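So you can see what is in the structure, the chains are spelled out below.
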Amino acid sequence: MTQRTAGRVFLLNPEGLILLIRFEFPQSNGTLHFWATPGGGVEAGESILAAAQRELREELGIHPALIGPVHHGGGVFEYEGELVENQDVFYAARWTGTTPTLIGRTALERTAMKSVHWWSDTDLRSTSDTVYPAGLADLLPHITSHLKPAD
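Residues numbered from 1 in each chain as written. Predicted model: local features only at pLDDT ≥ 70, side-chain atom pairs only at ≥ 80, totals over all residues. Heavy atoms only, no water.

## What to know about the environment of Pro-133
Here is step 1: Note on placement: Pro-133 falls in the loop between strand 8 (131-132) and helix 4 (136-145).
Here is step 2: Sequence spacing of Pro-133 and Trp-35 is 98 residues, and the spatial spacing of their C-alpha atoms is 9.0 Å.
Here is step 3: Leaving out residues up to four positions away in the same chain, Pro-133 has contacts with Phe-10, Thr-37, Phe-90 and Leu-139. (Helix = DSSP H or I, 4+ residues; strand = E, 2+ residues; numbered from the N terminus. Contact = heavy atoms within 4.5 Å.)

## What about the packing of aromatic side chains?
Here is step 1: Under the counting rule described, the total for this entry stands at 4 aromatic pairs.
Here is step 2: Look at Phe-10 and Phe-90: their rings are 4.6 Å apart centre to centre, the planes differ by 5 degrees, and that puts the pair in the stacked class. You can see Phe-10 sitting in strand 1 (residues 2-12) and its partner Phe-90 sitting in strand 6 (residues 82-94), a full 80 residues away along the chain. Comparing Phe-10 with Phe-90 shows no difference in burial state: the two are buried.
Here is step 3: Judged by centre distance (5.1 Å) and plane angle (70 degrees), the rings of Trp-35 and Trp-119 are edge-to-face. (Phe/Tyr/Trp six-rings, centres within 6.5 Å; stacked < 30°, edge-to-face > 60°. Buried < 20%, exposed > 50% of the residue type's maximum accessible area, 1.4 Å probe, protein only.)

## Some details on unusual backbone geometry
Here is step 1: Here the amide bond leading from Gly-68 into Pro-69 is cis, since omega sits at 20 degrees, within 30 degrees of zero.
Here is step 2: Locating Pro-69 in the fold gives a position in strand 5 (residues 67-79).

## Section: the nonpolar core
Here is step 1: Val-9, Leu-11, Phe-23, Leu-56, Leu-60, Ile-62 and Leu-66 are the most contacted members of the largest nonpolar core, which has 20 residues in total.
Here is step 2: Secondary structure elements with two or more residues in this core: strand 1, strand 2 (18-27), strand 3 (30-36), helix 1 (48-60), strand 6 and strand 7 (113-119).
Here is step 3: The leading source of residues in this core is strand 2, at 4 residues.
Here is step 4: Residue contacts for Leu-60: discarding those within four places in its chain leaves Leu-19, Ile-21, Pro-38, Glu-55, Pro-100, Thr-101, Leu-102, Ile-103 and Val-116.
Here is step 5: Judged by nonpolar contacts, the second largest core, of 17 residues, contains Ala-92, Leu-124, Val-131 and Leu-147. (Core = buried A, V, L, I, M, F, W, Y, C linked by side-chain atoms within 4.5 Å.)

These figures capture arrangement, not role.
Written as structure tokens, this is what we have:
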């Protein structure tokens, strides 16, 4: 099993909504559909914070100041036919610009990342879609406590 560390970002807008990306990944038993925070794997010689910052630039073309880490999580998933044990380190940022657009650097990112959407805690609690990290609605007050109020 491959070990992977990822830097991820809880990106909140002035209304307290959190931005999630819809992903679709082929799996051995069909396609896995889920929503997750922006972010990705740490590259050789890169800090986790630098990975989170790079991933925001690569996936969304944005450069907000990050705070944290504010949360840790992990799990096991299948990626390109191989099991991966992933450790996520989460940072937080406030975004006051327009809704970011997916730009995806690699062909896989452009294929797997389908859309972005701002979610409220109510949306998170009522959806039947899979959302990572699990229990995200319960984490929102903790995440928000690390961020300055929006101007």
